[in-house]
Amino acid sequence: MMDQVRDAIRDIPDFPKPGILFKDITPVLSDPALFRSVISFFASRHQDAPPDRIAGIESRGFIFGAALADRLGVGFIPIRKKGKLPAETLDATYDLEYGTATLEIHKDALRPGERVLLIDDLLATGGTAKAAAGLIEALGGVVMEIDFLVELSFLNGCNQLANQTVFAPIIY
Ligand code: AMP
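The structure presented is a predicted model; accordingly, all values stated were derived computationally and were not measured.

What counts and what doesn't
Residues numbered from 1 in each chain as written. Predicted model: local features only at pLDDT ≥ 70, side-chain atom pairs only at ≥ 80, totals over all residues. Heavy atoms only, no water. 1 Å grid on protein atoms, 1.4 Å probe; cavity = no way out; pocket = protein on both sides within 12 Å on 5 of 7 lines; lining within 4 Å. Points joined across faces, edges and corners; volume = space filled by probe spheres on them. Helix = DSSP H or I, 4+ residues; strand = E, 2+ residues; numbered from the N terminus. Nonpolar A, V, L, I, M, F, W, Y, C, P; charged D, E, K, R; others polar. Expected span 1.5 Å × (residues − 1). Buried < 20%, exposed > 50% of the residue type's maximum accessible area, 1.4 Å probe, protein only. Polar contact = N/O pair within 3.5 Å; in protein donor to acceptor, adjacent residues only side chain to side chain. Pairing = 2+ DSSP bridges. Right-handed = clockwise from strand over helix to strand, strands pointing away.

Undergrad: Explain empty space enclosed by the protein to me, please; I cannot follow it from the model alone.
TA: Empty space among the atoms becomes visible once a probe the size of a water molecule is rolled across them. What the rule picks out here adds up to one cavity of 30 Å³ or more. When its volume is computed, the largest cavity comes out at roughly 50 Å³. Taken together, Ile-39, Phe-42, Phe-64, Leu-68, Ile-119, Asp-120, Asp-147, Phe-148 and Leu-149 form the lining of the largest cavity. When contributions to the lining of the largest cavity are tallied by element, the ones reaching two or more residues are helix 3 (32-46), helix 4 (60-72), strand 7 (115-123) and strand 8 (142-151). Taken together, the residues of the lining of the largest cavity sort by class into seven nonpolar, no polar and two charged.

Undergrad: Teacher, can you tell me more about helix 3 here?
TA: The periodicity of an α-helix, 3.6 residues per turn, causes residues three or four positions apart to be oriented the same way. Here helix 3 is 15 residues long and its end C-alpha atoms lie 21 Å apart, about the 21 Å a rise of 1.5 Å per residue gives. Among the residues of helix 3, Leu-34, Ser-37, Val-38, Ile-39, Phe-42, Ala-43 and His-46 are the ones counted as buried. With a side-chain oxygen lying 3.1 Å from the backbone nitrogen of Ala-33, the N-terminal cap of helix 3 falls on Asp-31.

Undergrad: Can you help me understand the pairing of strand 3 (residues 53-57) in this one?
TA: Where burial is concerned, most of strand 3 is hidden: five out of the five residues are buried. In strand 3, alternate side chains face the same way, and those of Arg-53, Ala-55 and Ile-57 on one face and Ile-54 and Gly-56 on the other are all buried. Here strand 3 pairs with strand 4 (residues 75-81) via five bridges, running parallel. Residue pairing for strand 4: Ile-54 is matched across the bridge by Phe-76. Each parallel crossover has a hand, and the one from strand 3 via helix 4 to strand 4 is right-handed. Bridge count for strand 3 against strand 7 is four bridges, and the pairing is parallel. Opposite Ala-55, over in strand 7, you have Leu-118 as the bridge partner.

The structure is reproduced here in structure tokens:
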């Protein structure tokens, strides 16, 4: 099944900037059987010891994270780009493969001690996931694992996440 997912992911050269080979996961989303099997794959990984909550990183982390949260029957926390969340937030600024960014989480998104599964579509340099994990931990949450659909291993994002459990079924 993951071979089919790998085949469906498209390479878009020079997006969003020259020199970036963008891994486009939208063909996986538009194939209902494939999308469902990706969510089933992650659900089976976590159904025996489900997290208290799933946090997804804007915006493709919302797609996989929210579907998985529904499947596992747990709450979903959006970690958003600056200026989008309406209530009181905590923020973290970081470097990414193309530029810098700031992420925010609602201060009341979780209770101290809750086990949170963090989800994004793709691990590149790891800066985004590191910042997101830092926000969860700053609120007293425990990041039980960080799951991606895709890891670009040549960017060594795992080094940034050395103290976390990281999982990605598709590695380039
Ligand atoms: P990073 O912080 O470098 O790990 O970047 C991860 C974030 O940027 C994720 O939300 C990805 O969706 C996005 N991203 C970075 N590089 C790529 C790429 N080559 N193809 C698709 N998405 C990417």
